Amino acid sequence: MLETILQAFGLFVLAYFFVLNLIYLGFTLVAWRSISEHVRKRGYDSTTEAFASPLTPAVSVLLPAYNEEPGVVESVNSLVSLRYPVHEVIVVNDGSTDGTMAALTDEFDLVEVRRPIRDSIQTKRVRGIYVSRRDRDLWVIDKENGGKADALNCGVNAAHFSYVCAVDADAVIEHDALLHVAKPIMDDPHLVAATGGIVRVANGCRVEHGEVLEVGLPKNRLAIFQVVEYFRAFLVGRVGWTKFNSLLIISGAFGLFKRSLVEEIGGYWTETAGEDVELVVRMHRHLRTLNVPYRIVFVPDPVCWTECPEDLKALSSQRRRWHRGLLETLWRHRSMTFRPRYGTFGLLGLPYFLLFEALGPLIEILGYLLFPIAYLTGHLSASYLLAFLGLALVLGICLSVAALVLEEFGFRRHTRQRDVATLFMYGVLENLGYRQLTTFWRALSFVDLLRGKSSWGEMTRKGLARGGRS
Amino acid sequence: MLVTDLIEVVSLAFMGTTIVSLLALIVQRTVLTRSQRMVLEAERRLRPLAHALVEGELPELPRMNRRERQALGRLLSRYSEFLTGAAKQYIASFFEKEGLVDVEIRRLRSRRAWRRATAAHLLGDIGSSRALDSLLIALEDRDRDVRSAAAMSLGRLGAEEAIVPILDAEVLRQLPEAVAGFALLAIGPEAVPELITLLGHDNPAVRATALRVLGLMGSARDADHIAERLVDSSKEVRARAAIALGRVGAAHHTTRLLEALDDPVVSVRAASAAALGSIGDARAIPALVDMSSTDVYEAAQAAARSIALIDPDAAISNSEEGGPQLQAVADMIRIFGAIDA
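Residues numbered from 1 in each chain as written. Chains lettered and ligands numbered in written order. Predicted model: local features only at pLDDT ≥ 70, side-chain atom pairs only at ≥ 80, totals over all residues. Heavy atoms only, no water.

A.B. asks: Teacher, can you tell me more about the overall build of chain A here?
C.D. replies: Across its full length, chain A holds 14 helices and 12 strands. Taken over the C-alpha trace, chain A has a radius of gyration of 22 Å; the compact-globule value for 470 residues is 23 Å, and the two agree within 12%. Across the 470 residues in chain A, those meeting the buried criterion constitute 61%. Residue pairs at least 24 apart in sequence account for 80% of intrachain contacts in chain A once pairs closer than 6 positions are excluded. If you sum the accessible surface of chain A, you get close to 18,500 Å²; carbon and sulfur atoms cover 59% of it. Charged side chains of chain A number 51 positive and 49 negative; the gap between the two group centres comes to 4 Å. (Helix = DSSP H or I, 4+ residues; strand = E, 2+ residues; numbered from the N terminus. Rg over C-alpha atoms; globule rule 2.2 N^0.38 Å. Buried < 20%, exposed > 50% of the residue type's maximum accessible area, 1.4 Å probe, protein only. Contact = heavy atoms within 4.5 Å. Areas by Shrake-Rupley, 256 points an atom, 1.4 Å probe, with all protein chains shown as cover. Lys, Arg positive; Asp, Glu negative; His and termini not counted. Charge placed at Lys NZ, Arg CZ, Asp CG, Glu CD.)

Below you can see the structure in the form of structure tokens.
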């Protein structure tokens, strides 16, 4: 009986491993091609014309803020000074208990006004609406706490323009980022429903007055691992899924959406930790149900810099929350999975995320438990075990290195040789413990779900401070 | 045993690939860094030369090696994006003398789309009218980026003969609307007669595009033609007509715009209200006050803003009866003195 179970599991793991890595490698090749095309397009980029053109659509930038006192001023400064023809910034203070509101009032000379906002999406009560005397395109909405999704919905209700760009309060958006992320929409306003840009780790960068002046590596080792991880997730994963029009997520840190579409589908879901994933999946569902041609696009150029956790507790909390969000979304939209009427999204995207991303941690941990048992009970030879582990390690390293090579060939944001060498070293090392740790945390999210956990957890933000390195 | 051997072989293959990639990257980075440094150095040295050339002060170019010529070409391309008139002609002459115009025209026939698109883009920077025919052909290229780059360049070259092909391509969705619009704007008022003709086209998408561009570059002379489209069968055309009229219209169009405030479509009502604000005729205020208190969000907001544009004092005095939108606008006037147009 044990032998049968172990053999069956062994075959399953082999097949699973084979398919998963084939997909990763395939995506890496797709990403390579896509990013090469993207780099070549810079030779005939029309961003300058877009900036000067009265035809570029206006955007409402939404910044939900909860207890973001350390960094909110820098974030708002970076948004207000974005290079874009017409945009407004709406900060939604989601019932902060720290000095977020005071910091904003002091810095931007806020005055209360009566600005009616739509009630098409229900949200918690708005306590007051303020405009900045320094900049009439900067608004602050003070509301009762309802969570990030609720705050974003309030922003969608208040937005003046046809497009809304959701950003995180701890993020710094590059000057041209909004132009770049809006370009697919300018090219195809009737087709492109949403776009998103890349999120990079700001820890270790020199940030001044809401601008990243010098890109550097964090001093914290945990943060360096995350730099590598983000490259893999964004430059390989998201570029790949965009090709199949099956992008599951546009990062909540930086995403551009058609306002009317967000309103039409009822806004962000407030009862999940993964409101950004769930919104995009619901968009796919809505548009495919209506049989409306559309695209949801990831753009690798426009950059949003964000602070990542530097201690195990905060990182664990973040990963568990992200995975919980994914599980909640997949469960909510389970009727779409494997359904041909949802096209590539239903037949490829959702099954992949279910089988390899959502359930992957459980399968991997089961493997870590059963493989030693199989070896100790003589059902698995040492040579096979070592060969398999060796292959898993080499493939992991290869994929991390491939992501770093993509970054180097495509973008070269890390100019110092030493930093690049460090990243490659961490790309190797992350397969020797860090990835296993994140897998364990992701597996714990199943326990969180069963226990009904819904909180975001706490991360001590240092803030992308004025002057000096973050 | 066989499976184990296979796994080992695959592992070695991937390890080899990883090492090769790393080595390639090290080489590429070293070469690129050196090359970039040399290019930047060349550009720094040649900048005074480029400035002199642009000002027409340089009768003959000094001897330069290939890298220097490329650096000078890059500098001039960048300047050309922002220059017009004689300066642009001097740049065009430089590229002609260097034979670069012919090089880029030949590249428009490259098998690779990105090379064709880059060539189409550069020909706009170069500014040589010899490229017009080739760029017009490139408007029908099978690759969208090539068509877009060609359209932008034709716009920068002020090619009137490109007006109809660009509009046709936009209507057939072969060109992004923004690209077609930019190109037509760049061509300038010469495009207006053709656009007015297209206001009577069968296809509402054509009429809508023509209105969009007319609103941006037309003049008061064109307003009557635009006003006729306020009663078009297409809601998009009616809305675009209202927006365009707001930019080029005059007080005698107020009546027609007031009638459009009763349109069943929100976007048309909102655009008409906004247009009335731009025109600035105080006769519209009572209807706008009513609209700002009774209509849906977008239309009410447009009406309130228009009242403030026409007469800020009227916005304040009517704020209580004008509803929340007008109250918001009145607050803005009290704080800033006026609202942004």
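A.B. asks: Where do I start with the side chain of Gln318 of chain A in this structure?
C.D. replies: Residues and elements named next belong to chain A. Positionally, Gln318 belongs in helix H10 (residues 312-332). By relative accessible area, which is 10% here, Gln318 ends up buried. Among the polar contacts made by the side chain of Gln318, one reaches the side chain of Arg319 at a distance of 3.1 Å. Here Gln318 is in contact with Gln226, Tyr230 and Pro309, once residues within four sequence places are set aside. (Polar contact = N/O pair within 3.5 Å; in protein donor to acceptor, adjacent residues only side chain to side chain.)

A.B. asks: How should the environment of Ala260 of chain B be read in this particular structure?
C.D. replies: Residues and elements named next belong to chain B. With respect to the helices and strands, Ala260 occurs in helix H14 (residues 254-260). The exposure class of Ala260 is buried, given its relative accessible area of 8%. Apart from residues lying up to four places away in sequence, Ala260 is in contact with Val268, Arg269 and Ser272.

A.B. asks: Quick question: what am I supposed to make of unusual backbone geometry here?
C.D. replies: All names here are of chain A. Even without being a glycine, Phe338 presents a positive backbone phi close to 65 degrees. Checked against the element boundaries, Phe338 lands in the loop between H10 and helix H11 (343-358). Of note, the phi angle at Arg412 is positive, near 50 degrees, even though the residue is not glycine. As for its placement among the helices and strands, Arg412 is situated in the loop between helix H13 (382-410) and helix H14 (417-450).

A.B. asks: I keep staring at the pattern of salt bridges and nothing clicks. Help me out?
C.D. replies: Pairing of side chains with opposite charge becomes possible as their charged atoms draw close. Residue and element names in this part refer to chain A. Under the defined criterion, the tally for this structure stands at 53 salt bridges over all chains. For the salt bridge of Lys183 with Asp187, the shortest nitrogen-to-oxygen distance reads 3.0 Å. Here Asp187 and Lys183 lie together in helix H6 (residues 177-187), a separation of 4 residues that amounts to about one turn. We classify Lys183 as partly exposed; its relative accessible area is 22%. Arg200 serves as the salt-bridge partner of Glu407, at 2.6 Å between the closest nitrogen and oxygen. Of this pair, Glu407 sits in helix H13 while Arg200 sits in strand S8 (residues 192-201), placing them 207 residues apart in sequence. Among the charged side chains, a network of salt bridges with common partners joins Arg206, Glu208, Glu214, Arg416 and Asp419. (Salt bridge = Lys/Arg side-chain N within 4 Å of Asp/Glu carboxyl O.)

A.B. asks: Help me understand the environment of Gly155 of chain A in this model?
C.D. replies: Residue and element names in this part refer to chain A. Tracing the backbone shows Gly155 in helix H5 (residues 148-158). Taking the C-alpha atoms as reference points, Gly155 and Ile141, separated by 14 residues in sequence, lie 8.1 Å from one another. Those residues in contact with Gly155, other than ones at most four positions away along the chain, are Leu62, Ile90 and Val92.

A.B. asks: Looking at this structure, how should I read the interface of chain B and chain A?
C.D. replies: A common measure of how large an interface is: the accessible area buried when the components associate. Listed per partner, the contact involves 53 residues of chain B and 54 residues of chain A. A combined buried area of about 4,700 Å² lies between chain B and chain A, and 63% of that area is made up of carbon and sulfur atoms. Viewed at the interface, chain A and chain B are joined by 6 salt bridges. For Lys41 of chain A, the salt bridge is made with Asp145 of chain B, and the minimal N-O distance between the two is 3.1 Å. Our count for the contact surface shared by chain B and chain A stands at 9 residue pairs in polar contact (both at pLDDT 80 or more). Listed by contribution, the elements that provide at least two residues to the side of chain B that touches chain A are helix H1 (2-54), helix H5 (113-126), helix H7 (144-156), helix H9 (177-187), helix H11 (204-217), helix H17 (297-310) and helix H19 (323-336) of chain B. Per-element tally for the side of chain B that touches chain A: the top contributor is H1 of chain B, with 17 residues. Classifying every residue of the side of chain B that touches chain A by side-chain character gives 25 nonpolar, 13 polar and 15 charged. (Buried area = accessible area lost by both parts, 1.4 Å probe. Nonpolar A, V, L, I, M, F, W, Y, C, P; charged D, E, K, R; others polar.)

A.B. asks: I'm lost on the packing of aromatic side chains in this one. Help?
C.D. replies: Note on aromatic pairs: each is described by the distance of the centres and the angle between the planes. For the structure shown, the criterion picks out 19 aromatic pairs over all chains. Here Phe17 of chain A and Phe388 of chain A contribute two aromatic rings whose centre-to-centre distance is 4.9 Å and whose plane-to-plane angle is 50 degrees, an arrangement assigned as tilted. Note that Phe17 of chain A is positioned in helix H1 (residues 2-41) and Phe388 of chain A in helix H13, a separation of 371 residues in sequence. Both residues of the pair, Phe17 of chain A and Phe388 of chain A, belong to the buried class. Geometry around Phe336 of chain B places Arg136 of chain A over its ring, the cationic atom sitting 4.5 Å from the centre. Over the face of the ring belonging to Trp269 of chain A we find Arg332 of chain A, whose NZ or CZ atom lies 3.9 Å from the ring centre. (Phe/Tyr/Trp six-rings, centres within 6.5 Å; stacked < 30°, edge-to-face > 60°. Lys NZ or Arg CZ within 6 Å of the ring centre and 35° of its normal.)

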